Amino acid sequence: MKPVIWLIGGTSEGRRLIKELAGLPVQLYVSVATEYGASLIEPQDNTIVMAERMDLAAMKAFLKEKQPEYVVDATHPYATVVTATVQQACTEENCKYLRLVRPQGEAGDYITVHDFGEAVELLNHLEGNIFLTTGSKNLPDFTGVKDYAERIALRILPMESSLKSALELGYKPANIICMQGPFAKDLNIAMLKKYGSKFMVTKDSGKAGGFDEKVAAAAEAGAKLIVIGRAGEEVGAGLSEIVTLLQEEFSHVTS
C-alpha cells in the first residue's frame, strides 16, 4: 500500500509541488476549495483531486480514514482560518504537518495597512479612482468606500460566483475584469491607465502571485500602491525544502 500525502490548497506553489511529486511512489490527495481550482491542476497518475471545503470535523475524519504520512498546507498566505483549522486537525489527530510558506514581496514604495478595514478608512480620506486586486472574498468590505461604484474597478477570478457577488454588491459591470493571474507589469499598467486609477489595492502575494509586477506597474503608471499586510505569517518551509524532504523520504519506497 502506497504512503499517503495530503496536500491542501490550489495555489501556484501547490500545483508545482504536485508536479514535483508526480514520480514518487505515493498516493497524493489534493484538496481545493472550488471546481475552478481543481480545473487548474494537471492530471497525474498518483493524484486524486477533491474540490470541497472542509470544516474541522471533516478534516479530522479524512485524516482518520486516509492516515497520511504528511499533511502539506499550501493554502494562500491570507487563508489564515483554513491554516488554523488544518493545524488544529493535525494536532488532534497526531499527523505530521508541513506549512509551505510563500516568500513575501520585496520592499518598495507603497503604503502598508493592517487589514481591509484600515484600507477602506484610508481610501475614504483620498480622492481618485481605485483599482482593486484583492479578490472577490473581501468585496463587501470595499462597499464602505465613498462612491465605490463609481471609483472602484476590480479584477477577480473568472468564476460565475465571483462575478455574481460583485454585481449583487453594486459594482458596475463595466468596471469588472474577470481574469486568471498572475499578470505581467505591462498588462497591469494598461489596466491602471484604462480606469484612470490613482490607487491600486492589493495583497502581498509574493513573487508567485505577481506582487513585484504590481509594484513596478503602479510606479510606472503613477498610481499609489496600497498593500494589505500579512497577519503574522507563520513559520514554515519553502517549496524546494518541502520537495527535498518528501523526495528523500519516499523516493525509495516500494509499494
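Residues numbered from 1 in each chain as written. Predicted model: local features only at pLDDT ≥ 70, side-chain atom pairs only at ≥ 80, totals over all residues. Heavy atoms only, no water.

1. Here's the deal with the sheet that holds strand β9 (residues 176-178)
For step 1, the next point in the chain: Sheet architecture is open: 6 strands sit in the order β6-β11-β10-β7-β8-β9, paired in parallel fashion. With partners counted over all chains shown, the strands left at the sheet margins are β6 (111-113) and β9, one partner each. On average, adjacent strands in this sheet sit at an angle of 20 degrees to one another, irrespective of strand direction.
For step 2, the next point in the chain: Two elements, strand β8 (residues 152-156) and β9, share 3 bridges in a ladder whose sense is parallel. Bridging from a neighbouring strand, Ile156 pairs with Cys178 of β9.
For step 3, the next point in the chain: Where helix α9 (residues 185-194) meets the sheet, it contacts β7 (129-132), β8, β9 and β10 (197-203), and its direction lies at approximately 130 degrees from that of β10. (Pairing = 2+ DSSP bridges. Helix = DSSP H or I, 4+ residues; strand = E, 2+ residues; numbered from the N terminus. Axes fitted to C-alpha atoms, helices over the stretch in contact; angles between N-to-C directions. Contact = heavy atoms within 4.5 Å.)

2. Examining the environment of Gly170
For step 1, the next point in the chain: With respect to the element layout, Gly170 can be found in the loop between α8 (160-168) and β9.
For step 2, the next point in the chain: Gly170 gets classed as partly exposed once you look at its relative accessible area, which sits at 33%.
For step 3, the next point in the chain: Residues in contact with Gly170, not counting those within four places in the same chain, are Tyr148 and Ala149. (Buried < 20%, exposed > 50% of the residue type's maximum accessible area, 1.4 Å probe, protein only.)

3. Some points on the pairing of strand β11 (residues 224-228)
For step 1, the next point in the chain: In terms of burial, β11 is largely enclosed, as 4 of its 5 residues are buried.
For step 2, the next point in the chain: Pairing analysis gives 3 bridges linking β6 to β11, with the strands arranged parallel. Its bridge partner being in β11, Thr112 is matched across the sheet by Val227.
For step 3, the next point in the chain: The parallel pair β10 and β11, bridged by helix α10 (residues 211-221), forms a crossover whose chirality is right-handed. (Right-handed = clockwise from strand over helix to strand, strands pointing away.)

4. As for the packing of helix α3 (residues 56-66) against helix α4 (residues 80-93)
For step 1, the next point in the chain: Running from N to C, α3 and α4 point in directions that differ by 45 degrees, and their axes come no closer than 9 Å. Between α3 and α4, the interaxial angle falls into the category oblique. Read as a crossing pair, α3 and α4 show a hand that is right-handed. Residues Leu56, Met59, Lys60, Leu63 and Lys64 of α3 pack against Thr85, Val86, Gln88, Ala89, Cys90, Glu92 and Glu93 of α4. (Parallel < 35°, antiparallel > 145°, perpendicular 65-115°, else oblique. Left-handed = near helix turned anticlockwise from the far one by under 90°.)

5. Points about the pattern of salt bridges
For step 1, the next point in the chain: Tallied over the full model, the rule gives 7 salt bridges.
For step 2, the next point in the chain: Residues Glu220 and Lys185 are paired through a salt bridge, measuring 3.2 Å at the closest nitrogen-oxygen approach. Note that Glu220 is positioned in helix α10 and Lys185 in helix α9, a separation of 35 residues in sequence. (Salt bridge = Lys/Arg side-chain N within 4 Å of Asp/Glu carboxyl O.)

6. Focus: the environment of Ala89
For step 1, the next point in the chain: Looking at where Ala89 falls in the secondary structure, it is placed in helix α4.
For step 2, the next point in the chain: Judged by its relative accessible area of 1%, Ala89 is buried.
For step 3, the next point in the chain: Sequence-distant contacts of Ala89, defined by excluding residues within four places in its chain, comprise Leu56, Met59, Lys60 and Leu63.

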